[in-house]
Amino acid sequence: QVQLVESGGGLVQAGGSLRLSCVLSGRAFNIYRMTWFRQAPGKEREFVTTINWSAGITNYADSVKGRFTISRDNAKNTVYLQMNSLKPEDTAVYLCAAAQLVLANIKDSRRYDYWGQGTQVTVSS
């Protein structure tokens, strides 16, 4: 069983930066894709960015393009989310998720196999 643990969240002023980490443990070699989602109170879970684990190909939500960068370190079994130019609208719990199979829709959170507990990001104006 794969386990995911996020860290790096916190309180930051608008325009600031944070770097989130998600560490994988267990049988991580069977993972095809790692994705970051976020969820604000009373809102639907929202796709943020994703990376193909082996090839490193990335995709981003329009709302974070040019500001967020996803990357991975295979040797450390860790995926990162570098967040720059943060806005109050970015305030949410950020969760990482892993998929073992090719997904027809990478943005569909229901199709992911493993989830972390999330880390809170709060951006003040």
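Our subject is the structure listed above.
Below is a summary of the structure that appears in this document. Since this is a predicted model, take the numbers as computed values, not measurements.

Quick notes on the rules
- Residues numbered from 1 in each chain as written.
- Predicted model: local features only at pLDDT ≥ 70, side-chain atom pairs only at ≥ 80, totals over all residues.
- Heavy atoms only, no water.
- Helix = DSSP H or I, 4+ residues; strand = E, 2+ residues; numbered from the N terminus.
- Rg over C-alpha atoms; globule rule 2.2 N^0.38 Å.
- Contact = heavy atoms within 4.5 Å.
- Areas by Shrake-Rupley, 256 points an atom, 1.4 Å probe, with all protein chains shown as cover.
- Phe/Tyr/Trp six-rings, centres within 6.5 Å; stacked < 30°, edge-to-face > 60°.
- Buried < 20%, exposed > 50% of the residue type's maximum accessible area, 1.4 Å probe, protein only.
- Lys NZ or Arg CZ within 6 Å of the ring centre and 35° of its normal.
- Disulfide = S-S within 2.5 Å.

Across its full length, the protein holds 0 helices and 11 strands. On C-alpha atoms alone, the protein measures out to a radius of gyration of 14 Å, which is about the 14 Å that the 2.2 N^0.38 rule sets for 125 residues. With the C-alpha coordinates aligned to their principal axes, the bounding extent of the protein is approximately 40 × 30 × 25 Å. In the protein, once contacts between residues fewer than 6 apart in sequence are set aside, the share between residues at least 24 apart is 56%. As displayed, the protein has an accessible area near 6,700 Å², and 46% of this comes from carbon and sulfur atoms.

Before going further, it helps to spend a moment on the packing of aromatic side chains. Counted under the stated rule, the structure contains 4 aromatic pairs. Each ring, one from F37 and one from Y112, has its centre 5.3 Å from the other, and the planes form 85 degrees; the classification is edge-to-face. Residue F37 is located in strand β4 (residues 33-39), and its partner Y112 is located in the loop between β9 (92-99) and β10 (114-115); the two are separated by 75 residues in the primary sequence. Residue F37 shares its accessibility class with Y112, and that shared class is buried. Look at F37 and W115: their rings are 5.2 Å apart centre to centre, the planes differ by 40 degrees, and that puts the pair in the tilted class. Taken together, the residues F37 in strand β4 and W115 in strand β10 connect sequence positions 78 residues apart. Using a relative accessible area of 1% as the deciding quantity, one classes F37 as buried. Following the ring pairs from residue to residue traces out a cluster consisting of F37, F47, Y112 and W115. Directly above the ring of Y80 sits R19, whose terminal nitrogen or CZ lies 4.1 Å from the centroid. R45 extends its terminal NZ or CZ atom over the ring of W115, reaching a point 4.6 Å from the ring centre.

A separate point is the state of the cysteines. On inspection of all chains with the given rule, the structure shows 1 disulfide. Two residues, C22 and C96, share a disulfide whose sulfurs are 2.0 Å apart. Judged by the torsion about the S-S bond (55 degrees), the C22/C96 disulfide is right-handed. One end of the pair, C22, is in strand β3 (residues 18-25); the other, C96, is in strand β9, with 74 residues separating them in the sequence. Residue C96 is classed as buried on the basis of its relative accessible area, which comes to 0%.

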